[in-house]
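# Reading the structure
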Amino acid sequence: NAGVTQTPKFQVLKTGQSMTLQCAQDMNHNSMYWYRQDPGMGLRLIYYSASEGTTDKGEVPNGYNVSRLNKREFSLRLESAAPSQTSVYFCASSYIRSNYGYTFGSGTRLTVV
Amino acid sequence: SQELEQSPQSLIVQEGKNLTINCTSSKTLYGLYWYKQKYGEGLIFLMMLQKGGEEKSHEKITAKLDEKKQQSSLHITASQPSHAGIYLCGADGEKGTYKYIFGTGTRLKVLA
């Protein structure tokens, strides 16, 4: 089925470890996004890529890096994980200006101990 | 910066009852989106509103944007257990950018 695929679905890291969250979309969307969702704080934008070859910081970029590998793929990297990065991470994609909103992946539940 | 406030934060209704969820913005909305999230899953796009006074419906869910474009309401008629989940409003945080923001969500539970 067409959509946004995130891997892994669950991950436990120790403080200081690094990891990359993968995201791929097959909807030919131009723009891709990474959000984190925390209780009581809603969804907050970490980084986004308006189009292939560009990336920009969102609301909470500290501690993260991203790579727009090609039009389909947008990865999020935690270089040195901290307990404050325990969250559910969502990748999303959209056309540049869309009346159809964003298409979200099913999320990655990350716990940093 | 723009903020979206949703009310109520949570809602429990009996099956068959109508309900309304509100989303209020601190600034003029250029595009208002409603999403539904089932527990433990990603968000599903429901509908988008752009014009003041605009109203859209999808099955038993109706959303409206007020004339001043600072408040939107989501109304569910004759609620069913399948309507249960978290409803979030989202908006373009800054016109012409991709800094899309979300409200904190409304948790809806429908009792059979």
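Residues numbered from 1 in each chain as written. Chains lettered and ligands numbered in written order. Predicted model: local features only at pLDDT ≥ 70, side-chain atom pairs only at ≥ 80, totals over all residues. Heavy atoms only, no water.

This part is about the interface of chain B and chain A. When the parts come together, some accessible area is lost, and that loss is often what is quoted as the size of the interface. With 19 residues of chain B at the interface, the matching set in chain A holds 24 residues. Approximately 1700 Å² of surface area, both sides summed, lies buried where chain B meets chain A, with 58% of it carried by carbon and sulfur atoms. One can count 2 residue pairs in polar contact (both at pLDDT 80 or more) joining chain B with chain A. Secondary-structure elements contributing two or more residues to the side of chain B that touches chain A are strand E4 (32-37), strand E5 (43-49) and strand E10 (100-102) of chain B. When the residues that make up the side of chain B that touches chain A are grouped by side-chain class, the tally is 9 nonpolar, 8 polar and 2 charged. (Contact = heavy atoms within 4.5 Å. Buried area = accessible area lost by both parts, 1.4 Å probe. Polar contact = N/O pair within 3.5 Å; in protein donor to acceptor, adjacent residues only side chain to side chain. Helix = DSSP H or I, 4+ residues; strand = E, 2+ residues; numbered from the N terminus. Nonpolar A, V, L, I, M, F, W, Y, C, P; charged D, E, K, R; others polar.)

Residue and element names in this part refer to chain A. For the coordinates displayed, the defined rule picks out 2 disulfides over all chains. There is a disulfide in this structure between cysteine 23 and cysteine 91, and the S-S distance comes to 1.9 Å. With the S-S bond torsion at -75°, the cross-link from cysteine 23 to cysteine 91 turns out left-handed. Taken together, the residues span a long stretch of sequence, with cysteine 23 in strand E3 (residues 19-25) and cysteine 91 in strand E9 (residues 87-94) at a distance of 68 residues. Like cysteine 23, the residue cysteine 91 is buried in the burial classification. (Disulfide = S-S within 2.5 Å. Buried < 20%, exposed > 50% of the residue type's maximum accessible area, 1.4 Å probe, protein only.)

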